[in-house]
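# An overview of the molecular structure
Here is how the chains run, residue by residue.
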Amino acid sequence: MSHNTFGYLFRVTTWGESHGPALGAVIDGCPPGLRFTLDDLQSFMDKRKPGQSRFVTQRREDDIVKVLSGVMPQDDGSMITTGTPVSLMIENTDQRSKDYGDIAKRYRPGHADFTYDVKYGIRDYRGGGRSSARETAARVAAGALARLVIPGVTIRGALVQIGKHKINRANWNWAQVEQNPFFAPDAEIVPVWEDYLDGIRKAGSSVGAVIEVVAEGVPAGIGAPVYGKLDQDIASLLMSINAVKGVEIGNGFGSAEITGEENADEMRIGPDGRPVFLSNNAGGILGGISTGEPIVARFAIKPTSSILTERRSIDADGQEVDVRTKGRHDPCVGIRAVPVGEAMLACAIADHYLRDRGQTGRLK
Ligand SMILES: Cc1cc2nc3c(=O)[nH]c(=O)nc-3n(C[C@H](O)[C@H](O)[C@H](O)COP(=O)(O)O)c2cc1C
């Protein structure tokens with residue numbers, strides 16, 4: 001299996017399967033001199049790890065990151081990157097492979113079982129193997145380092161829709177995001193989502209979601225037209241997340257519904273003599289290059305395909321079968337995808353930040 005690497009200068013390779021002993025990421029091109037602690041890494045891992053509320057899978061993975069290479073430990077307990085490959089490892093501790101015996105030959109509708117078999121002729125069915133979103137733990141670890149590459153950047157994400165229930169954007173409050181099990185920025189939607197997801201969970205069903213990720217403090221001028229546009233690469237990395245079926249930048253598909261007057265972000269000169277945009281429909285990117293405004297992207301996650309309801313499918317022997325997926329699954333994987341989206345946005349921007357530094361030398 002090839003293509004497990006992304007990025008040009010901040011180059012991330014992830015490895016490992018859901019039910020192997022461990023998985024992880026190797027970051028080649030991580031700049032030297034980035035200081036971090038294991039707690040820094042862990043705080044992002046903890047946002048993605050399972051078992052944190054009744055609305056996510058009850059697997060019990062601690063997702064403790066070990067840093068195997070590429071750093072010099074410091075007396076104060078922190079570590080500093082040395083510029084050599086940084087290798088991050090997360091052990092798998094709560095596999096229950098027997099839960100997956102029934103799907104060794106049967107294809108779960110909506111999952112990658114059929115296509116992996118068609119392509120490779122062999123499939124690690126335990127937990128979905130490489131197609132399992134367990135792999136996204138490695139991305140979150142890499143994303144924690146990517147954030148350090150871009151001075152002064154803040155990268156955050158929030159869940160903005162579950163099923164048909166959308167947040168009220170007028171209530172957006174970033175402080176709320178850390179205070180509910182959904183990463184919701186709108187306190188009023190929380191009881192609505194709780195009731196709705198309780199019903200979905202008890203029915204053994206699942207539902208999709210939309211996540212918004214925002215990067216503030218990204219300097220104007222990064223992005224590499226015409227085939228390395230910043231929006232293109234952000235979309236590609238967000239689309240690479242399991243279960244993602246749509247990505248928008250800024251106004252996204254909404255921009256097709258409005259006029260040129262409404263959509264174009266007008267400009268003025270601010271009090272400090274710098275350009276100011278009067279709106280941010282572009283989501284912080286014009287011509288594939290950052291404007292200095294917040295970079296805003298959204299992605300849609302489909303409903304978890306592993307559900308308790310029996311669905312029609314086929315098996316590897318060409319027989320028609322009915323599949324009911326046992327095991328512990330998220331009723332809405334969109335919740336745990338929030339930190340994954342943040343990580344992929346961080347990696348895309350870090351890579352472009354370094355690329356810009358290499359080409360133009362404008363940035364420190
Ligand atoms: C954080 C996260 C957790 C996931 N957990 C599950 C799961 O428990 N069961 C499942 O069927 N799919 C889960 N998925 C989605 C599958 O990994 C994904 O649907 C599958 O690999 C097929 O790929 P595709 O949906 O991108 O085509 C999860 C996705 C994410 C982002």
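Residues numbered from 1 in each chain as written. Predicted model: local features only at pLDDT ≥ 70, side-chain atom pairs only at ≥ 80, totals over all residues. Heavy atoms only, no water.

### Some thoughts on the site of the ligand
Here is the rule: Only a single heavy atom is needed: when it lies within 4 Å of a molecule or strand, its residue is near that molecule or strand. The term polar contact refers here to a pair of N or O atoms within 3.5 Å; inside protein, the definition further demands a hydrogen-donor-capable atom paired with an acceptor-capable atom, and it admits residues adjacent in sequence only when both atoms are side-chain atoms. Using a 1.4 Å probe, accessible areas were evaluated by the Shrake-Rupley method; residue-level cover was limited to the displayed protein chains. Nonpolar residues are Ala, Val, Leu, Ile, Met, Phe, Trp, Tyr, Cys and Pro. Charged residues are Asp, Glu, Lys and Arg, and all others, Gly as well, are polar.
Neighbouring the ligand are 15 residues, the closest being H111, S131, A243, K302 and S306. A distance of 2.8 Å is found between an oxygen atom of the ligand and a backbone nitrogen or oxygen belonging to S131. Measuring from an oxygen atom of the ligand, one finds a side-chain N or O atom of S305 at 3.2 Å. Starting from 630 Å² of accessible surface for the ligand in isolation, the protein chains cover 87%. Across the shell around the ligand, the residue classes break down as 5 nonpolar, 7 polar and 3 charged.

### A closer look at helix α8 (residues 334-360)
In plain terms, the rule: In DSSP terms, a helix is any run of H or I states spanning at least four residues, a strand is any run of E spanning at least two, and both are numbered starting from the N terminus. Expected helix span is given by 1.5 Å per residue-to-residue step, counting one fewer step than there are residues. A simple rule labels every residue: compare its accessible area, found with a 1.4 Å probe on the protein chains alone, to the largest value its type can have, and call it buried under 20%, exposed over 50%, or partly exposed in between.
Spanning 27 residues, α8 covers 38 Å between terminal C-alpha atoms, matching the ideal 39 Å at 1.5 Å per step. Counting buried residues in α8 gives 23 out of 27 residues, a clear majority hidden from the surface. Positive backbone phi, approximately 70 degrees, marks G361, located one or two places after α8.

### Some words on the UniProt feature "binding site: FMN" (unreviewed entry) in the protein chain
In plain terms, the rule: UniProt positions are given in the numbering used here, feature names are shortened, and annotations may be inferred rather than shown by experiment. Contacts are assigned to residue pairs with any non-hydrogen atoms lying within 4.5 Å of each other.
UniProt's feature table lists "binding site: FMN" (unreviewed entry) at R130, S131, S132, N242, A243, G287, K302, P303, T304, S305, S306 and R328, given in the numbering used throughout. Structurally, S132 can be placed in the loop between α2 (113-120) and α3 (136-149). Setting aside residues no more than four positions away along its own chain, S132 makes contact with S18, G127 and N242. Separated by 2.9 Å, the side chain of S132 and the backbone nitrogen of R134 make a polar contact.

### Side note on the pairing of strand β17 (residues 295-301)
Put simply, the rule reads: Pairing between strands requires that DSSP locate at least two bridges from one strand to the other.
β17 sits mainly inside the fold: 6 of its 7 residues count as buried. By the bridge criterion, 7 bridges tie strand β11 (residues 209-216) to β17 in an arrangement that is antiparallel. Note on β17: the bridge partner recorded for V214 is V296. By the bridge criterion, 5 bridges tie strand β12 (residues 244-249) to β17 in an arrangement that is antiparallel. If you follow V244 over to β17, its bridge partner there is I301.

### Some details on the UniProt feature "binding site: NADP(+)" (unreviewed entry) in the protein chain
Taking the numbering used here, the UniProt-annotated feature "binding site: NADP(+)" (unreviewed entry) corresponds to R48 and R54. Considering the arrangement of structural elements, one finds R48 in helix α1 (residues 38-48). With sequence-adjacent residues up to four places away left out, R48 is seen in contact with D63, A133, R134, T136, A137, V140, R336, P339 and V340. Take R54: it is sitting in the loop between α1 and β5 (65-69). Taking the relative accessible area as the measure of exposure, R54 reaches 42% and is therefore partly exposed. Non-local contacts of R54, meaning those with residues more than four positions away in its chain, are made with E194, D198 and R201.

### Examining the pattern of salt bridges
Which entries qualify depends on this criterion: In what follows, salt bridge is the name for a side-chain nitrogen of Lys or Arg lying within 4 Å of a carboxyl oxygen of Asp or Glu.
Across all of its chains, the model carries 23 salt bridges by this definition. Where R201 meets D198, a salt bridge forms, and the shortest distance between an N and an O atom there is 2.8 Å. Of this pair, R201 and D198 are both found in helix α5 (residues 189-202), 3 residues apart, which corresponds to roughly one turn of the helix. Owing to a relative accessible area of 29%, R201 belongs among the partly exposed residues under this scheme. Relative accessible area serves as the criterion here: at 13%, D198 is assigned to the buried category.

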